[in-house]
Amino acid sequence: MSPGAQVRLRRLVQDVLSPGVLPLLVLTGCLGATAVLWLGARQHADQQAQADFDSRVRELVNNLDRRMQTYVQVLYGVQGLFASSAGVDRDAFRAYLAGQNLNLHFPGIHGVGYIALVAPAQRAAHERAIRLGGQPDYRMRPDGARAWYAPIVYLEPFDDNNRRAFGYDAASEPVRRGALEQARDSGLPAMSGKIRLVQEEVEPAPAQSGFLMVLPVYRRGQAADTAALRRAAIDGWVYAPFRVGDLMAGLGGPRAGALEVKIYDGDAIAPAALMYDSHPGDGAGRRNRLQWISIGGHRWTLDIAARASAAPERDQGQQVAAGGVLLSALLAGLTWLLARGRVRARAAQARAERLSGELQEGQAALMVLAEGAQRSQAMLRSILDSTVDGILVDNLKGGVINANRRFRELWNLPEHLDWQADGAALMAHMAQQMLHPGQALLLEPGPQQLALPGLQRASQLELLHLKDGRVIEQHTRGMQLGSEPARLWSFRDITERTQGEQREQTRRHVLELLATGAPLQTILESVVQGVEAGNEEMLCSILLLDESGEHLLVGAAPSLPAFFNAAVHGRSIHGAPGACAQAVLTRSRVIVEDIRRAPTWLEYRDLALQARLGSCWSDPIYGAAGNVLGTFAIYHRDARLPSLANIALIEQAARLAGIAIEQAQAAVALRAGEARFRSLYDHAPVALWEQDWSGVHAALAELELSGIDDLGRYLQANASQLRRLASLVRIVDVNAAALAQVGAAPGRKDLSQLSLAQNFDLAAMPSFALALTALAQGQHFFACEGSYTRLDGTARRNELTLLVMPGHTHSLDFVIVSTLDVTERRRMHDELRVLATTDFLTGLPNRREFMRRLEDEHARLQRDLGACAAVLLLDIDHFKHINDEHGHAAGDAVLRQLGALLQEGQRKTDMLGRIGGEEFALLLPGTELDAAALHAERLRLRVAEAAMLLDDETRLTVTVTVSIGIAALGGADGGGDVALRRADQALYCAKRGGRNRVELAEAGKRADRPGVQVPAASD
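Residues numbered from 1 in each chain as written. Predicted model: local features only at pLDDT ≥ 70, side-chain atom pairs only at ≥ 80, totals over all residues. Heavy atoms only, no water.

**Quick word on the overall build of the protein chain**
Point 1. A count of helices and strands for the protein chain gives 31 helices and 32 strands.
Point 2. For the protein chain, buried positions account for 44% of its 1019 residues.
Point 3. The long-range fraction of contacts in the protein chain, counting pairs at least 24 apart against all pairs at least 6 apart in sequence, stands at 63%.
Point 4. Accessible surface, the protein chain as shown: approximately 51400 Å² in total, 55% of it carbon and sulfur. (Helix = DSSP H or I, 4+ residues; strand = E, 2+ residues; numbered from the N terminus. Buried < 20%, exposed > 50% of the residue type's maximum accessible area, 1.4 Å probe, protein only. Contact = heavy atoms within 4.5 Å. Areas by Shrake-Rupley, 256 points an atom, 1.4 Å probe, with all protein chains shown as cover.)

Laid out in structure tokens, this is it:
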């Protein structure tokens, strides 16, 4: 570089370093750096605020989900009440829910109720039954015909507000009906969409939006494995109505106050779907998040935003900006001073520049460290406060580094306890709540733990049992905080899960014992041991009321001393009652905190002290009908009061014991009833068949799905299909009378050789079709007559009665068939009918049968005014001469031959009969008077031309003639005998006119001969 250039460069540097330029450059640079730092701080503050907002949102959504799951468990409990009882009346329903304290423990829930399923045909009977049950004003509403009804019959608490929903048909409204159908088909909880509760309809708008949570109740003992079976088994629903505003009240605590929450029904945001707005009219901040939550198969959209009116976010960037500007001004002033004194001291200027550079570097490093520390602290606090577990961090030296809010709630830390400064006091407080002193926690590790090189990776799991009955799961894991070792404690309350698992295990064991017919004492001991297994400090007993209801008997108390059980066994409840006797008398829970000081235990105090018993809690055991069956008691070695978990435990144990007692008693009664039924069945004089028609029921269901509407007509028209259905009937059992009826070997029951042919043979298939149609339509009873085939091939007649046993109408798997052989009775009946309706000489219908047929034809003519018929009356001319000349045997032969001759020209629809002596009558349906005259003339000629054989030996014959009178039969006549009288008058005219002729009756013409008597044989 040339000397001139060096001079210019030096001058330029001096100008730049002059007091007028250099301070401005320094100020500009510092302000730029401050701007960069300010932007970073603003970004970090925004991230911190966003993390806090996200934490609040998660906490709100989690609390809402947990609260809804808790309500679902309430419904499951009510469902269990229906499933465990043969019938739940209104008092049992109210008594069960009274102990739940819905308003106290379950905010937002408007009540818990029961919706019954009512068919249209059952509506009148249903309303009448409710009114007779104590609700005279009950009626289903709204009015209108529907495929099925779902009225609200129970709703607790049954206050004035909830009475508005009593009798409301939930199936009348599409949103409610959709939830009912979803729960019925899935068997799971279902939530409805946005509705306005019936309780809110009378309130002035605006009212809170509401929804329903429903759970199906199926008939006991009926399968519900598929959607079709669940639809067939549905009996009703338990449900809970909710107000969304009340549901959200207090949810999330004070942290949720900075959030504006809007809840929309469904997956989309629409004004019509808005169910809840926490701060209407309040503008939302710049933070917003959409959350979706699924409850009971239904989704909600949560629009959550930070409130604009809430406290503004703290912006740490302002502090950085203010500090940077101030520092920049100071640096600029310092630079100005340095530049101003540069001329005086170059060394001082250089040193000032070096100090300025070091100061800037220190400031940047300080800002980086501050930013990292703030980010770590915010992240740690967010994680600790958002977790559902209790978190504690200690330094392995007896000092507590940090703990979250959930930890303080789990261990009930008092406000005055300085747990951060005094770790030993914290551990002592926790140890006081432990059930076992050996489980006390230590903040200081042992020498072996300190020597472990992988302390930060070691993890331990332990279950802690607390005196109040809670079970807490503790996880311990080592970690490294900077250069110092630390330890992370995680605590989770698993009381409900542990008790649920233990309760389910006990319930399964009790059900297995009930199914195997175990003795009642064994079943009750299983209940007691199930409670004691999860609570080592408890000693449980079950006392049962005797049949007189005056004494308590020890049902199960395996952990109590034998002498104590012997002393209380059989004691009267009215003497000096202890806790159990008081529980029976007062029908309520009795809690004796300290037996030594309880006046009611005065008589048993020494006995209890000898048994080392300190306290007693006793709960009455109720039956399904609300009667007291006994008591469930819990004893402790020391004096104590029950916690909420203990109260829930004793209630559940008493309920399970009540179910076990009633089921065991029912099983004993059932076995006795089965033995009596089997004895009656086997020794009944009538033939009895136990049959399984479930295969036929399934085949009929397939036919209905194929589109067959008229099942009876289809079966009658398809003989092959009918025979296929008959082959699906399975014979399960028969009695001795049935075996004797079908000709089976006596004393040997071989069901393989029996089939439906021994009830319905091929000729009786139409009767089988009628029986099948009746049972498929839901009838329980059907009787018919048919024929069957004995095992030796003989066809016989029988009368059958089919009875579907109760509870098997929808499956037809238990049908009792009784059969009665009526072959001889039918034969005798047919013979008597023939004797009563047939002339013994000619074999033709007699006068009574002919008159019956004549009246039937007259009734047909009255129904069909356009139809016609004619009546012919025939009489043998001079029949008395045949009897006088040849004898009465010859006369009888002539009458038999004349009857056969008249039958030769008879149509199938005609009716010929001998109505007295030598007089015959002929009914010609559908025949006009002229056609009847032609037919009568042909008969007259045939008779006149025929030779009548009088005697087989002499072969003597005679020729006879007949006179015939004809009258028309019409619907306007007063009866069939009117036409017969007119025909008789015409016959009399034929006799007077010379005999052997046909004469027609003329309307309005009167004859001289009175009555309808035939002419004498002498004529």
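Having seen it, we continue.
**Description of helix H3 (residues 90-98)**
Point 1. Buried residues of H3: Arg-90, Phe-93, Tyr-96 and Leu-97, and no others. End-on, the buried residues of H3 take up no more than an arc of 130 degrees, which puts them together on one face. Across H3 from its buried face, at more than 90 degrees, point the exposed residues Asp-91, Ala-95 and Ala-98. (Arc of directions from axis to C-beta.)

**A closer look at unusual backbone geometry**
Point 1. Cis peptide bonds are those with omega within 30 degrees of zero, and the linkage from Arg-141 to Pro-142 qualifies with 0 degrees.
Point 2. Structurally, Pro-142 is set in the loop between helix H5 (123-132) and strand E2 (152-156).
Point 3. Here Glu-156 and Pro-157 are connected by a cis peptide whose omega angle stands at 0 degrees.
Point 4. By the element assignment, Pro-157 lies in the loop between E2 and helix H6 (160-163).
Point 5. In the Ramachandran plot, Arg-612 falls in the positive-phi region, its phi being about 60 degrees despite a non-glycine side chain.
Point 6. By the secondary structure assignment, Arg-612 is in the loop between helix H19 (605-610) and strand E19 (615-622).
Point 7. Judged by its relative accessible area of 57%, Arg-612 falls in the exposed class.

**Some thoughts on the sheet that holds strand E25 (residues 815-821)**
Point 1. Spatially, the five strands line up as an open sheet ordered E22-E21-E25-E24-E23, and their pairing is antiparallel. Strands with a single pairing partner mark the edges of an open sheet, and in this sheet they are strand E22 (730-734) and strand E23 (781-789). Direction aside, neighbouring strands of the sheet carry axes that sit 30 degrees apart on average.
Point 2. Sheet topology places strand E24 (residues 795-804) next to E25; seven bridges connect them, and they run antiparallel. Bridge pairing links Glu-799 to Leu-820 in E25.
Point 3. Contacts from helix H26 (residues 823-837) reach E23, E24 and E25, with the element oriented near 115 degrees to E24. (Pairing = 2+ DSSP bridges. Axes fitted to C-alpha atoms, helices over the stretch in contact; angles between N-to-C directions.)

**Some points on the pairing of strand E26 (residues 869-876)**
Point 1. E26 sits mainly inside the fold: eight of its eight residues count as buried.
Point 2. Every second residue of E26 is oriented toward a common face, with Ala-869, Val-871, Leu-873 and Asp-875 on one face and Ala-870, Leu-872, Leu-874 and Ile-876 on the other, all of them buried.
Point 3. Across seven bridges, the pairing between E26 and strand E28 (residues 919-925) is antiparallel. Residue pairing across strands places Val-871 opposite Leu-923, the latter belonging to E28.
Point 4. Here eight bridges tie E26 to strand E31 (residues 962-969), and the two strands are oriented antiparallel to one another. Pairing of Ala-870 across the sheet is with Ala-968, part of E31.

**Comments concerning the packing of aromatic side chains**
Point 1. One pass over the structure, following the stated rule, counts 17 aromatic pairs.
Point 2. Consider the rings of Phe-93 and Tyr-154, whose centres lie 5.1 Å apart with planes at 40 degrees: the pair is tilted. Here Phe-93, found in helix H3, pairs with Tyr-154, found in strand E2; they are 61 residues apart in sequence, far enough to count as distant. Here Phe-93 matches Tyr-154 in class, with each residue buried. (Phe/Tyr/Trp six-rings, centres within 6.5 Å; stacked < 30°, edge-to-face > 60°.)

**Side note on the confidence of the model for the protein chain**
Point 1. Predicted confidence across the protein chain gives a mean pLDDT of 82, with 89% of residues reaching 70 or more.
Point 2. Ignoring residues within four places in sequence, the model shows residues 447-457, a span with pLDDT below 50, making twelve contacts including any to other chains.
Point 3. Low pLDDT, under 50, characterises residues 1004-1019; the predicted model gives this stretch 29 contacts beyond four residues in sequence or across chains. (pLDDT = per-residue confidence, 0-100.)

**Description of the sheet that holds E28**
Point 1. Spatially, the five strands line up as an open sheet ordered E27-E28-E26-E31-E32, and their pairing is mixed. Here the strands that pair on one side only, and so sit at the sheet edges, are strand E27 (911-916) and strand E32 (998-1000). The average angle at which neighbouring strand axes cross in this sheet is 20 degrees, direction not considered.
Point 2. As paired elements, E27 and E28 share five bridges and run antiparallel to each other. Along E28, the bridge assignment pairs Gly-916 with Glu-919.

**Considerations on the pairing of strand E15 (residues 539-545)**
Point 1. Counting buried residues in E15 gives seven out of seven residues, a clear majority hidden from the surface.
Point 2. The alternating pattern of E15 places Leu-539, Ser-541, Leu-543 and Leu-545 on one face and Cys-540, Ile-542 and Leu-544 on the opposite face, and all of these are buried.
Point 3. For E15 and strand E20 (residues 628-636), the ladder comprises six bridges, and the chain directions are antiparallel. Along E20, the bridge assignment pairs Ser-541 with Ala-633.
Point 4. The sheet contact formed by E15 and strand E16 (residues 551-556) spans four bridges and is antiparallel. Paired with Leu-543 across the strands is Val-554, a residue of E16.
Point 5. Remark: five residues form the turn of the hairpin made by E15 and E16, two consecutive strands paired antiparallel; Gly-549 in that turn has positive phi of roughly 70 degrees.

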